[in-house]
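# Examination of the molecular architecture
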Amino acid sequence: MDADAVRERAADLPTEPGVYQFRAGETTLYVGKAVDLRARVRSYADPRSGRIRGMVGRADRIEFAVTDTETQALLLEANLIKRLQPRYNVRLKDDKSYPLIALTDHPVPRIEVTRDPEEGAVAYGPFTNVGRVETVVKAIRDEYRLRGCSDHKYANRDRPCLDYEMGICSAPCTAEIDPESYAEDVAATRRFLEGETGVLADPLRRRMEAAAERAEFERAANLRDRLEAVEAFHGEGGEAVSDRSDDRTVDVLAAAVEGDDARVARLHSERGQLVDRSRHRLNAAVMDGDEGAEAAAVGDEGAEAAAVGDAEGSGGADPGANTPAAVLSAFLTQYYAEREFPDAVLLAERPSDPDVVDWLEAEGVAVRVPGAGREAKLVELALKNARKRDGRDDPVGALGDRLGIDRPVRIEGFDVSHAQGTAVVGSNVCFVDGSAETADYRRKKLTDRNDDYANMRELIRWRAERAVEGRDDRPDPDLLLIDGGEGQLEAARDALAETGWDVPAVALAKAEELVVTSTGTRRWPDDDPELHLLQRVRDEAHRFAVSYHQTVRDEVKTVLDDVPGVGPETRRRLLRRFGSVESVREASAADLTDVDGVGDATARTLRERL
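The structure reproduced in this document is the subject of the present report.

What counts as what
- Counting from 1, residues in each chain are numbered in the order their sequence is written.
- Since the coordinates come from a predicted model, pLDDT governs what is reported: local features require at least 70, and pairs of side-chain atoms require 80 or more to be given and counted, while whole-chain, interface and lining totals use all residues.
- Based on all heavy atoms of the structure, the side-chain values leave hydrogens and waters out of the count.
- Helix and strand labels come from DSSP, where a helix needs a run of H or I of at least four residues and a strand needs a run of E of at least two; each type is numbered from the N terminus.
- Residue exposure (1.4 Å probe, protein chains only): buried if accessible area is under 20% of the type maximum, exposed if over 50%, otherwise partly exposed.
- By the convention used here, residues are in contact when the closest approach between their heavy atoms is within 4.5 Å.
- Only the protein chains shown count as covering a residue, and every accessible area follows the Shrake-Rupley method with a 1.4 Å probe.
- Pairs of strands are assigned from DSSP output, requiring at least two bridges between the strands.
- Structural elements are reduced to axes, namely lines fitted to C-alpha atoms, with helices fitted over the stretch in contact, and the angle between N-to-C directions of any two is expressed from 0 to 180 degrees.
- Definition used in this section: a nonpolar core is a set of buried Ala, Val, Leu, Ile, Met, Phe, Trp, Tyr and Cys residues joined via side-chain atoms within 4.5 Å.
- Take a side-chain nitrogen of Lys or Arg and a carboxyl oxygen of Asp or Glu: if they are within 4 Å of each other, that pair is a salt bridge.
- Should the near helix be turned anticlockwise from the far one by less than a right angle, the crossing is termed left-handed; should it be turned clockwise, right-handed.
- Amino acids outside the nonpolar list (Ala, Val, Leu, Ile, Met, Phe, Trp, Tyr, Cys, Pro) and the charged list (Asp, Glu, Lys, Arg) are all regarded as polar, and Gly is one of them.
- Each pair of aromatic rings taken from Phe, Tyr and Trp, with Trp reduced to its six-membered ring, is defined by centres within 6.5 Å and is described as stacked if the planes are under 30 degrees apart, edge-to-face if over 60, and tilted in the remaining cases.

## Let's talk about the overall build of the protein
- Regarding its fold elements, the protein presents 22 helices and 19 strands.
- Split into buried and exposed, the 610 residues of the protein put 51% on the buried side.
- When contacts within the protein are restricted to residue pairs at least 6 apart in sequence, long-range pairs at least 24 apart make up 61% of them.
- Counting every atom, the protein has about 28,000 Å² of accessible surface; 44% of that belongs to carbon and sulfur.

This is the structure in structure tokens:
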């Protein structure tokens, strides 16, 4: 990819946290994280090192996945680097991971901060802020007094240790607390670590307020700092990306539907680590359950959902129900028909076809729609990715972003056609949400003159005056597209300024497909979806103008009408072949006889009379 390609791709990306991958074919060259995906990827247009410059040059596309927080992006990046081993990423040889909070597998569990939990331990995290983790564990031990000693020390004590004297351990080793009460404290700790912040925050707040009332301000300030750490603890969201206590293989699916277009986002977790994601686009045929339909992958995401025909149970969805639930029903059967089943599938909502769920469960797959906890956060993340659109999904929106205007739902295209200043006409076509709206096409006979700029100025002034005076029954467009270059655009802008019609306008030049705006001329990549949209509008305006010009030209009386042997049909053929009477006059006898209906005698007569 060159610098322009990187900038163009960056313009498609959201300004949200996430992870991006530079890919070359099926190989991941580099994985990175970002607080702002668009800004971070744009920086690769001017890499600071030769190594990164070489990586960008080898890449053929950039893929991305959004996350809710920067922490989630950081942890997902770490998981992907470990899994994919990209050539251009720096990888730690000791493979250190982020810290976890673990409750050991013991009748009297110990709480600890660790990077390598013991077998059987229930681990929470990972977390990126080590200081905050340690503060929270201190708050837990201060409130619930869980032990922190090794199993060896626990088994050989005959009196409480110093932790008991300090009030951070209830000394279950010497039965200073009964097993039932200690188990209750462990359960409360689990509830906090699983997301119930108030279990720890509420008592901390009460103790802080009590200390302040007793004028123990230093103690109150210490409790305040601890409370802030506790309340911010679950804001990292890292547990959505990684949970070492989960040893299952899990797929998380969510669907988003917009009109006839549907997207399914899939997150894949192995042993508690979110290690992969893909997005798939389904067309209406897929959602209807037609045999042989294709679940076409979103191109820049690199995922594939091959057509596999109808699997058992795929026909139960209502063909007319273009809803996320119906999309999930269609996707589940097609996707898993030729793939290994995961241990569990988490869904944003229940599939519309109950047979699909029965089929998965019969294969040993646990199907759930989670309502809270880490699983719910994963589903929310999948739904966020399903709803995220890029230029290939929404070229209209991408065009608006590129031009710095609101999404141009309604685009009107304009072109002028004539034959050396005769039979001058203008076309005005309309596209709504990327599709031609032929009912709103208009055409206009213009003043005969061989001046493309003046002709365009007259055409735009005609459209603008009708809009300003309320004589046009069509809504105002969001964007005007002029067929031509800088001169045609300037003429159109003059007409807009003269009439006071405030509509943005751009031009598209045919020769080099350059996009001309008020701020300059730019070359967009050939495979750019928004360029393709402008080309469709421009080409349709040109076709409509040429078609009308031919009709008008053929209706105009010319000196050809007085030439013996030249009837209306032959006249039309001559004008279509040569463009004007002047060109017919300059044509050789051989050129004239190439036209159907013109023989040697008629050719001689034409040359004599003209």
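Text resumes after the structure shown.
## Overview of the sheet that holds strand β4 (residues 100-103)
- The sheet built from three strands is open, its strands ordered β5-β4-β6 with antiparallel pairing. Whereas interior strands pair on both sides, the edge strands pair on one side only; in this sheet they are β5 (111-114) and β6 (122-124). Between one strand axis and the next, the sheet turns through 30° on average, direction left out of account.
- Taken together, the four bridges between β4 and β5 define a ladder with antiparallel strand orientation. When the sheet's bridge partners are listed, L103 is paired in β5 with I111.
- Against the sheet, helix α8 (residues 179-193) touches β4, β5 and β6, its axis set at about 155° to β4.

## Topic: the nonpolar core
- Among the nonpolar cores identified, the biggest contains 31 residues, and I140, L146, F192, L200 and V230 are the most heavily contacted of them.
- Put simply, the parts of the chain that give this core at least two residues each are β4, α5 (130-144), α8, α9 (198-213) and α10 (217-233).
- Not counting the four nearest positions on each side in its chain, L146 is found in contact with L103, I111, I140, R141, I168, C169, Y182, D185, V186 and T189.
- Of all hydrophobic cores here, the second largest spans 21 residues; its members include I460, W462, L496 and V516.

## So, unusual backbone geometry
- Positioned with a positive phi, Q420 is a non-glycine residue whose angle comes to about 50°.
- Structurally, Q420 can be placed in the loop between β12 (410-419) and β13 (422-432).
- Classification of Q420 as exposed rests on a relative accessible area of 53%.

## Here we look at helix α15 (residues 395-403)
- Along α15, the residues classified as buried are V396, G397, A398, L399, G400 and R402.
- G404 occupies a position one or two residues after α15 and carries a positive phi of about 75°.

## Brief notes about the sheet that holds strand β3 (residues 61-66)
- Ordered by their spatial adjacency, three strands build an open sheet running β2-β1-β3, and the pairing between neighbours is antiparallel. Each end of this open sheet is capped by a strand with a single partner; those strands are β2 (27-34) and β3. Direction aside, neighbouring strands of the sheet carry axes that sit 20° apart on average.
- Two elements, strand β1 (residues 18-24) and β3, share six bridges in a ladder whose sense is antiparallel. Across the sheet, F22 pairs through a bridge with I62, a residue of β3.

## Things to note about the pattern of salt bridges
- All chains considered together, the criterion is met by 34 salt bridges.
- With a shortest N-O distance of 2.8 Å, R463 and E412 are connected by a salt bridge. Highlighted residues: R463 in helix α16 (residues 452-468) and E412 in strand β12, separated in sequence by 51 residues. In this structure, R463 and E412 share a single accessibility class: buried.
- E458 is the partner of R449 in a salt bridge, and the nearest nitrogen-oxygen pair spans 2.6 Å.
- Exposure remark for R449: the relative accessible area of 27% places this residue in the partly exposed category.
- Judged by its relative accessible area of 17%, E458 falls in the buried class.
- Several salt bridges converge on common partners, so that one network encompasses R410, E412, D440, R463, R466, D472 and R474.

## Digging into the packing of helix α12 (residues 324-336) against helix α13 (residues 354-362)
- Put simply, α12 and α13 touch, their axes get as near as 9 Å, and they point 35° apart. The handedness of the crossing between α12 and α13 is left-handed. Note on element contacts: α13 touches α12 through V356, W359 and L360, opposite S329, L332, T333 and Y336.
- Its residues assigned to classes, the contact of α12 with α13 shows five nonpolar, two polar and no charged.

## Side note on the packing of aromatic side chains
- Scanning the model with the defined rule gives seven aromatic pairs in all.
- Between the aromatic rings of Y20 and Y30, the centroid separation amounts to 6.4 Å while the plane-to-plane angle is 40°, which identifies the pairing as tilted. Note that Y20 is positioned in strand β1 and Y30 in strand β2, a separation of ten residues in sequence.
- Judged by its relative accessible area of 1%, Y20 falls in the buried class.
- Judged by relative accessible area, Y30 falls into the buried class, the value being 14%.
- A centroid spacing of 5.7 Å and a plane angle of 75° characterise the contact between F341 and W359, whose relative ring orientation is edge-to-face. Remark: W359 occurs in helix α13 and F341 occurs in the loop between α12 and β10 (344-347); sequence separation between them is 18 residues.
- By relative accessible area, F341 is classed as partly exposed at 25%.

## Side note on the environment of V137
- When you line up the elements, V137 lands in helix α5.
- V137 has contacts with I101, I111 and V113, leaving out every residue within four places of it along the chain.

## So, the packing of α16 against helix α17 (residues 486-499)
- At a minimum axis separation of 8 Å, α16 and α17 run at an interaxial angle of 35°. Regarding α16 and α17, the two cross each other, and that crossing is right-handed. Facing α16, whose interface residues are D452, Y453, M456, R457, I460, R461, A464, E465 and V468, α17 presents G487, Q488, A491, A492, D494, A495, L496, E498 and T499.
- In terms of residue class, the contact of α16 with α17 is made up of nine nonpolar, three polar and six charged.

## Comments concerning the environment of A265
- Within the secondary structure, A265 sits in strand β8 (residues 261-270).
- A265 sits 15 residues away from H280 along the chain, and the two C-alpha atoms are 6.5 Å apart.

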